[in-house]
Number of protein chains: 2
Amino acid sequence: MTSHIEELLTTHGVKPTAQRAVIAEYLVGTDCHPTADEVFQAVSTKLPVSLSRATVYNTLNALVEAGVIKEVVTDPGRVRYDANVSDHHHFVDVKTGQVYDVDAHKVSALKLDLAPEFSVNSYHVTIFGEVKK
Amino acid sequence: MTSHIEELLTTHGVKPTAQRAVIAEYLVGTDCHPTADEVFQAVSTKLPVSLSRATVYNTLNALVEAGVIKEVVTDPGRVRYDANVSDHHHFVDVKTGQVYDVDAHKVSALKLDLAPEFSVNSYHVTIFGEVKK
DNA sequence: TTCTGTACTTAGAATAAGTCTAAGTTGCGA
DNA sequence: TCGCAACTTAGACTTATTCTAAGTACAGAA
Ligand SMILES: [Mn+2]
Ligand SMILES: [Mn+2]
Ligand SMILES: [Zn+2]
Ligand SMILES: [Zn+2]
């Protein structure tokens, strides 16, 4: 009876420890693109032992490395983490700072007119605007 | 006989001090998207007095505020500065980290299929790839 | 001219995000 | 059961940036 999260970690080659499971579970269950510190705050109470910031960073880096999550950088000095690893872009509400997912198929394919020495692997669109309630 | 740079600063409402002029001049004369520290290194020898890092940061922030330059964030933890304030996007060479300008008209206009509460002000495309020499 | 107030710059202290270190803990596999 | 490698921990360290307190520059008033 391995949990869904343990299976996610295992299939990506990450050994599922209690710390890693609770961090991955938190990220999978949110769509709000938390920072490392927000992950630490949210998760530290959910473990019977004290959680080190170093473990949070180690785990986030390991999960990125393994492809379980992605880093998102929309603002200077704020790395955010995203368990949505599907092809998507981001909408930033400039009033609140909130980051929303924008599925890649909601954005028309880009045509790029670049010199031939520029070979493109991928691209990411950051959309700035406002969400009216 | 105010210089071109002093005029640029003045017309943007920034009082042209020696420190600000030399920093703005350096940025206007390069297309390599330097970090604050690279600006500091490049510019500190060009003044008869010692230059404080605080002044570099104060100046960069003032120039951004005034619209003389823009911040560019392509990587976690590295804010870069850009005197190209025309509408453009960025190509990041994933091998070297070099950032190249991509004029907006080299990128096809985006069509976005967003829910009506999302009102778009602007967007920025970051293209990842490699420049073959 | 000199005076003077405000804006600017400075060195270094403080903060914040992230990494490293050294020591202890866990837990699978012989 | 043991041994070992992987993992976690607290706290020191590093790096980027901001803040602070004290000094400097300089335009306008007198
Ligand atoms: Mn989502
Ligand atoms: Mn930082
Ligand atoms: Zn996302
Ligand atoms: Zn640019």
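Going along each chain's sequence as written, the residues are numbered from 1 onward. Labels are handed out in written order, letters beginning with A for the chains and numbers beginning with 1 for the ligands. Totals for whole chains, interfaces and linings use all residues, but because this is a predicted model, local features are given only for residues with pLDDT of at least 70 and pairs of side-chain atoms are given and counted only at 80 or more. Note that water and hydrogens are dropped before the side-chain values are worked out from all heavy atoms of the structure.

J.: Can you help me understand the overall build of chain A in this one?
T.: A run of H or I in DSSP counts as a helix once it spans at least four residues, and a run of E counts as a strand once it spans at least two, with each numbered from the N terminus. The helix and strand inventory of chain A stands at four helices and five strands. Reported as C-alpha extents along the three principal axes, the dimensions of chain A are approximately 55 × 35 × 25 Å. Burial classes follow relative accessibility: with a 1.4 Å probe on protein chains only, a residue under 20% of its type's maximum area counts as buried, one over 50% as exposed, and anything between as partly exposed. Counting over 133 residues, chain A shows a buried share of 34%. Contact definition: two residues touch when any of their heavy atoms are within 4.5 Å. Across chain A, the fraction of contacts at a sequence separation of at least 24, relative to all contacts at a separation of at least 6, is 43%.

J.: Whenever I open this one, the domain arrangement of chain A confuses me. Can you help?
T.: How big an interface is tends to be reported as the loss of accessible area on association of its parts. All names here are of chain A. Each domain's extent was defined by an automatic or database domain assignment. Partitioning chain A into domains gives domain 1 (3-82) and domain 2 (88-129). Computed from C-alpha coordinates alone, the two centres of domain 1 and domain 2 are separated by 24 Å. With seven residues of domain 1 in contact, the opposing surface of domain 2 contributes eight residues. As used here, buried area is the combined drop in accessible area, with a 1.4 Å probe, of two parts when they are placed together. Together domain 1 and domain 2 conceal approximately 630 Å² of surface at their shared face, both sides included; 54% is due to carbon and sulfur atoms. Per-residue buried area on domain 1 facing domain 2 is highest for His-33, Thr-74 and Asp-82; these three make up 54% of the total on that side. Any pair of nitrogen or oxygen atoms within 3.5 Å is treated as a polar contact; in protein, a donor-acceptor pairing is required on top of that, and neighbouring residues in sequence qualify only through side-chain atoms on both sides. There are five residue pairs in polar contact (both at pLDDT 80 or more) connecting domain 1 and domain 2. Listing elements by their share of the side of domain 1 that touches domain 2, those giving two or more residues are strand S1 (70-75) and strand S2 (78-82). Counting residues per element, the side of domain 1 that touches domain 2 draws most heavily on S1, which supplies three residues. Charged residues are taken to be Asp, Glu, Lys and Arg, nonpolar residues to be Ala, Val, Leu, Ile, Met, Phe, Trp, Tyr, Cys and Pro, and polar residues to be all remaining types, Gly included. The residue makeup of the side of domain 1 that touches domain 2, split by class, is one nonpolar, two polar and four charged.

J.: Just checking my understanding: could you explain the protein's contact with DNA strand C for this structure?
T.: In these notes, residues near a molecule or strand are those with any non-hydrogen atom within 4 Å of it. By nearness alone, 15 residues border DNA strand C, and Tyr-57 of chain A together with Thr-17, Arg-20, Ser-50 and Thr-55 of chain B come closest of all. Each atom of DNA strand C within 4 Å of the protein was assigned to sugar, phosphate or base; sugar and phosphate come to 78%. Between DNA strand C and the protein, one listed contact pairs a phosphate oxygen with a side-chain N or O atom of Tyr-57 of chain A at 2.9 Å. When contributions to the surface near DNA strand C are tallied by element, the ones reaching two or more residues are helix H4 (53-66) of chain A together with helix H2 (18-28) and helix H4 (53-66) of chain B. Looking at which element gives the most residues to the surface near DNA strand C, the answer is H4 of chain A, with three residues. Split by residue class, the surface near DNA strand C holds seven nonpolar, six polar and two charged.

J.: In this structure, what is going on with the packing of aromatic side chains? I would like to understand it.
T.: Each Phe, Tyr or Trp ring (for Trp, its six-membered ring) is paired with any other whose centre lies within 6.5 Å, and the angle between the two planes then decides the class: stacked below 30 degrees, edge-to-face above 60, tilted in between. In the structure shown here, the tally under the stated rule is six aromatic pairs over all chains. Between Phe-91 of chain A and Tyr-100 of chain A, the ring centres sit 6.4 Å apart and the planes meet at 70°, which makes this aromatic pair edge-to-face. Here Phe-91 of chain A falls in the buried class, since its relative accessible area comes to 0%. Overall, the relative accessible area of 25% leaves Tyr-100 of chain A in the partly exposed class. In this structure an aromatic cluster arises from ring pairing among Phe-91 and Tyr-100 of chain A together with Phe-118 of chain B.

J.: I'm lost on the interface of chain A and chain B in this one. Help?
T.: Taken together, the contact between chain A and chain B spans 34 residues of the former and 33 residues of the latter. The junction of chain A with chain B conceals about 2,900 Å² of combined surface from both sides, 62% of it contributed by carbon and sulfur atoms. Salt bridge, as applied in this entry: a Lys or Arg side-chain nitrogen positioned within 4 Å of an Asp or Glu carboxyl oxygen. Applying the counting criterion to the chain A and chain B interface returns two salt bridges. For Asp-113 of chain B, the salt bridge is made with Lys-106 of chain A, and the minimal N-O distance between the two is 3.8 Å. Taken together, the links from chain A to chain B amount to 14 residue pairs in polar contact (both at pLDDT 80 or more). Judged from the 13 bridges that link them, strand S5 (residues 118-131) of chain A and strand S5 (residues 118-131) of chain B form a sheet pairing that is antiparallel. By the bridge assignment, Val-125 of chain A is partnered in S5 of chain B with Val-125 of chain B. The pairing criterion is simple: DSSP has to find at least two bridges between the two strands.

J.: Help me understand the pairing of S2 of chain A in this model?
T.: Successive residues of a regular strand alternate their side chains across the two faces of the sheet. Residue and element names in this part refer to chain A. Where S1 and S2 come together, five bridges link them in antiparallel fashion. Among the inter-strand pairings, Lys-70 is bridged to a residue of S2, identified as Asp-82. Hairpin geometry of S1 and S2 is characterised by an intervening segment of two residues between the two adjacent antiparallel strands and by a positive phi of about 75° at Gly-77.

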